[in-house]
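Spelled out, the chains give:
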Amino acid sequence: MMTYRANVVIHLDEYLEPWQIQELERKLSGESGVISACVSDRATHLMVVDFDSRAISSNQLLARVQREGVHAELVGL
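Peer 1: Hey, could you go over the pairing of strand β2 (residues 34-40) for me, with residue numbers and the actual values?
Peer 2: In the sheet, β2 pairs with strand β3 (residues 43-52) via 6 bridges, with the strands oriented antiparallel. Bridge pairing in β3 places Val 39 opposite Met 47. Adjacent in sequence and paired antiparallel, β2 and β3 are bridged by 2 residues.

Here it is, written out as structure tokens:
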């Protein structure tokens, strides 16, 4: 099966503790179609998500983050 790789940057509006970031990364990485989700230690307000654009959309990824109670928006779209 062919994977259509894309990535998106999600801006996390509020400060999250390191354990909260790890939990959010884990939950997003477990979503069908998500290849990886990570936040840099140097830019803890930005999350980069690599995903299969045929399986999940950037708007669905944003909605998933927001369901966790995190205020966020897509960057550059």
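We are not done yet, so read on.
Peer 1: How would you explain the nonpolar core if you had to name every residue and give the values?
Peer 2: In this structure, Ile 10, Leu 12, Met 47, Val 49, Leu 61 and Val 65 are the most contacted members of the largest nonpolar core, which totals 20 residues. The set of elements that each furnish at least two residues to this core consists of β1 (5-12), α1 (18-29), β2, β3, α2 (58-67) and β4 (72-75). Ignoring sequence-local partners within four residues, the contact set of Leu 61 consists of Val 8, Ile 10, Leu 28, Val 34, Val 49, Phe 51 and Ile 56.

Peer 1: Go over the environment of Leu 28, please, and point to the residues and values.
Peer 2: With respect to the helices and strands, Leu 28 occurs in helix α1. Leu 28 gets classed as buried once you look at its relative accessible area, which sits at 1%. Between the alpha carbons of Leu 28 and Val 65 there is a distance of 7.6 Å; along the sequence they are 37 residues apart. Those residues in contact with Leu 28 that sit more than four places away from it in its chain are Val 34, Ala 37, Met 47, Val 49, Leu 61, Arg 64 and Val 65.

Peer 1: Explain the side chain of Asp 52 residue by residue, including any values.
Peer 2: Of note, Asp 52 is situated in strand β3. No salt bridge forms around the buried Asp 52; measuring N to O, its nearest opposite-charge neighbour Arg 54 is 5.4 Å away. At 2.9 Å, the side chain of Asp 52 and the backbone nitrogen of Arg 54 are in polar contact. With sequence-adjacent residues up to four places away left out, Asp 52 is seen in contact with Met 2, Thr 3, Tyr 4, Gly 33 and Ile 35.

Parameters and conventions
- Residues numbered from 1 in each chain as written.
- Predicted model: local features only at pLDDT ≥ 70, side-chain atom pairs only at ≥ 80, totals over all residues.
- Heavy atoms only, no water.
- Pairing = 2+ DSSP bridges.
- Helix = DSSP H or I, 4+ residues; strand = E, 2+ residues; numbered from the N terminus.
- Core = buried A, V, L, I, M, F, W, Y, C linked by side-chain atoms within 4.5 Å.
- Buried < 20%, exposed > 50% of the residue type's maximum accessible area, 1.4 Å probe, protein only.
- Contact = heavy atoms within 4.5 Å.
- Lys, Arg positive; Asp, Glu negative; His and termini not counted.
- Salt bridge = Lys/Arg side-chain N within 4 Å of Asp/Glu carboxyl O.
- Polar contact = N/O pair within 3.5 Å; in protein donor to acceptor, adjacent residues only side chain to side chain.

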